[in-house]
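The lines below spell out each chain.
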Amino acid sequence: MVELKTDTSIDAMHEAGQVVARALTAARDAAGVGVSLLELDEVAHDVLREAGATSPFLGYRPSFAPVPFPAVLCASVNDAIVHGVPTAYRLRDGDLVSLDFGAELGGWVGDSAISFVVGRPRPADLRLIETAERALAAGIGAAVVGNRIGDIAHAIGSVCRTAGYGIPEGFGGHGVGRHMHEDPGVPNEGRPGRGLPLRHGMVLAIEPMLIAGGADGYHAAPDGWTLRTDDGSRAAHVEHTVAITDSGPRILTAR
Ligand code: MG
Ligand code: MG
């Protein structure tokens with residue numbers, strides 16, 4: 001069931017979304033060569049505590065997961081696509097890092113992700129990240145009343161495929177509200193004009209995931225959480241929580 005949010009609820013979700021934005025900015029600012037993923041998790045956790053917010057990630061255990069998620073931040077490096085578990089791994093020059101973060105404040109959830117390079121970037125990584133951001137912008141641009149879910153999916157998928165990148169099937173965006181994952185699903189590829197009509201008050205997490213090598217294959221790492229590309233190529237993941245309104249899409253996790 002898709003829950004439509006009131007304008008007051010959307011304002012409250014914006015408050016939660018701004019905690020997410022601040023945490024991602026802080027973690028990105030803290031990231032550098034020699035910094036560990038656990039240290040980034042701690043930086044993000046500090047922002048949560050200061051805001052009086054809690055983590056929808058910590059302890060989260062969907063059906064595919066062998067253990068509850070042990071952190072507040074997902075940190076996915078290089079060939080890790082999403083759901084990376086923060087470890088003592090220390091970032092190296094040229095690493096491509098994707099950070100995914102959620103916050104719950106006043107009973108509402110925000111969800112967002114960024115990708116960036118630590119140290120000296122490879123041109124190929126910059127192109128991958130730039131394309132992911134362009135796919136996200138295209139998806140958000142299609143998140144307007146009168147369109148359908150398939151229009152968002154098609155907008156995202158077209159940008160990714162035109163650039164020659166792979167898309168991991170089975171993972172994508174979702175409704176957000178009192179819970180991190182609500183209906184409807186928002187696939188990263190699809191047919192325009194299909195699916196649920198978009199209405200004022202729908203709030204969606206839109207989150208392209210791109211695989212540099214062009215193939216779509218992925219697998220879970222031994223930790224049961226981290227998803228890695230089958231071809232070993234690098235991946236990027238960016239995400240915003242977006243409210244669909246009569247006056248256009250409102251990015252609740254804007255930084
Ligand atoms: Mg997320
Ligand atoms: Mg999400």
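For the structure itself, look to the data block above.
A brief look at the structure comes next.

### Some thoughts on the sheet that holds strand S7 (residues 203-206)
Then step 1. With antiparallel pairing, 5 strands are arranged side by side in an open sheet as S6-S5-S7-S12-S13. Two strands bound the open sheet, and with one partner strand each, they are strand S6 (182-186) and strand S13 (248-251). Each neighbouring strand pair of the sheet contributes to a mean axis angle of 30°, computed without reference to strand direction.
Then step 2. As defined by bridge partners, S7 adjoins strand S12 (residues 240-245) across 4 bridges and the pair is classed as antiparallel. From the neighbouring strand, Leu 204 faces S12, where its bridge partner is Val 242.

### A few points about the sheet that holds strand S10 (residues 227-229)
To summarise the sheet geometry, strands pair through backbone hydrogen bonds and adopt either a parallel or an antiparallel arrangement.
Then step 1. What the 3 strands build is an open sheet, ordered S2-S10-S9; its pairing is antiparallel. The open sheet terminates on both sides in strands that have one partner only, identified here as strand S2 (80-82) and strand S9 (218-220). Neighbour-to-neighbour, the strand axes of this sheet turn through a mean angle of 40°, independent of strand direction.
Then step 2. Here S2 pairs with S10 via 2 bridges, running antiparallel. Counted as the bridge partner of Val 82 is Leu 227 from S10.

### Side note on the coordination of the magnesium ion (ligand 2)
Then step 1. All of the protein donors around the magnesium ion (ligand 2) are Asp 111 (OD), His 174 (NE2), Glu 207 (OE) and Glu 239 (OE); their distances to the metal are 2.1 to 2.2 Å.
Then step 2. The sequence motif formed by the donor residues of the magnesium ion (ligand 2) is D-x62-H-x32-E-x31-E.
Then step 3. Here the magnesium ion (ligand 2) and the magnesium ion (ligand 1) are spaced 3.2 Å apart, linked through Asp 111, which binds each one. One end of the pair, Glu 207, is in the loop between S7 and strand S8 (209-211); the other, Glu 239, is in the loop between strand S11 (235-237) and S12, with 32 residues separating them in the sequence.
Then step 4. Taking the relative accessible area as the measure of exposure, Glu 207 reaches 6% and is therefore buried.
Then step 5. What makes Glu 239 buried here is its relative accessible area of 0%.

### Topic: the side chain of Asp 111
Then step 1. Tracing the backbone through its elements, the reader meets Asp 111 in strand S4 (residues 108-117).
Then step 2. Look at Asp 111: it is buried, it has no salt bridge, and the nearest opposite charge is Arg 255 at 10 Å.
Then step 3. Among the polar contacts made by the side chain of Asp 111, one reaches the side chain of His 174 at a distance of 3.0 Å.

### Here we look at the packing of aromatic side chains
Then step 1. Under the counting rule described, the total for this entry stands at 5 aromatic pairs.
Then step 2. Here the aromatic rings of Phe 69 and Trp 225 are separated by 5.0 Å at their centres, their planes lie at 80°, and the arrangement is edge-to-face. Of this pair, Phe 69 sits in the loop between helix H2 (37-51) and strand S1 (73-77) while Trp 225 sits in the loop between S9 and S10, and the two are 156 residues apart along the sequence. Of the two residues, Phe 69 and Trp 225, both sit in the buried class.
Then step 3. Ring centres of Phe 171 and Tyr 218 lie 5.7 Å apart, and the angle between their planes is 75°; this geometry places the pair in the edge-to-face category. Note that Phe 171 is positioned in the loop between helix H4 (149-162) and strand S5 (173-175) and Tyr 218 in strand S9, a separation of 47 residues in sequence.
Then step 4. Given a relative accessible area of 22%, Phe 171 falls into the partly exposed group.
Then step 5. A relative accessible area of 26% means that Tyr 218 is categorised as partly exposed.
Then step 6. Taken together, the aromatic side chains of Phe 57, Phe 64, Phe 69, Phe 171, Tyr 218 and Trp 225 make up a single cluster linked through ring pairs.
Then step 7. Its end group placed over the ring of Trp 108, Arg 178 keeps NZ or CZ at 4.0 Å from the ring centre.

Definitions and limits used
- Residues numbered from 1 in each chain as written.
- Chains lettered and ligands numbered in written order.
- Predicted model: local features only at pLDDT ≥ 70, side-chain atom pairs only at ≥ 80, totals over all residues.
- Heavy atoms only, no water.
- Pairing = 2+ DSSP bridges.
- Helix = DSSP H or I, 4+ residues; strand = E, 2+ residues; numbered from the N terminus.
- Axes fitted to C-alpha atoms, helices over the stretch in contact; angles between N-to-C directions.
- Donors = N, O, S within 2.8 Å, 3.2 Å for Na, K, Ca; no water.
- Buried < 20%, exposed > 50% of the residue type's maximum accessible area, 1.4 Å probe, protein only.
- Lys, Arg positive; Asp, Glu negative; His and termini not counted.
- Salt bridge = Lys/Arg side-chain N within 4 Å of Asp/Glu carboxyl O.
- Polar contact = N/O pair within 3.5 Å; in protein donor to acceptor, adjacent residues only side chain to side chain.
- Phe/Tyr/Trp six-rings, centres within 6.5 Å; stacked < 30°, edge-to-face > 60°.
- Lys NZ or Arg CZ within 6 Å of the ring centre and 35° of its normal.

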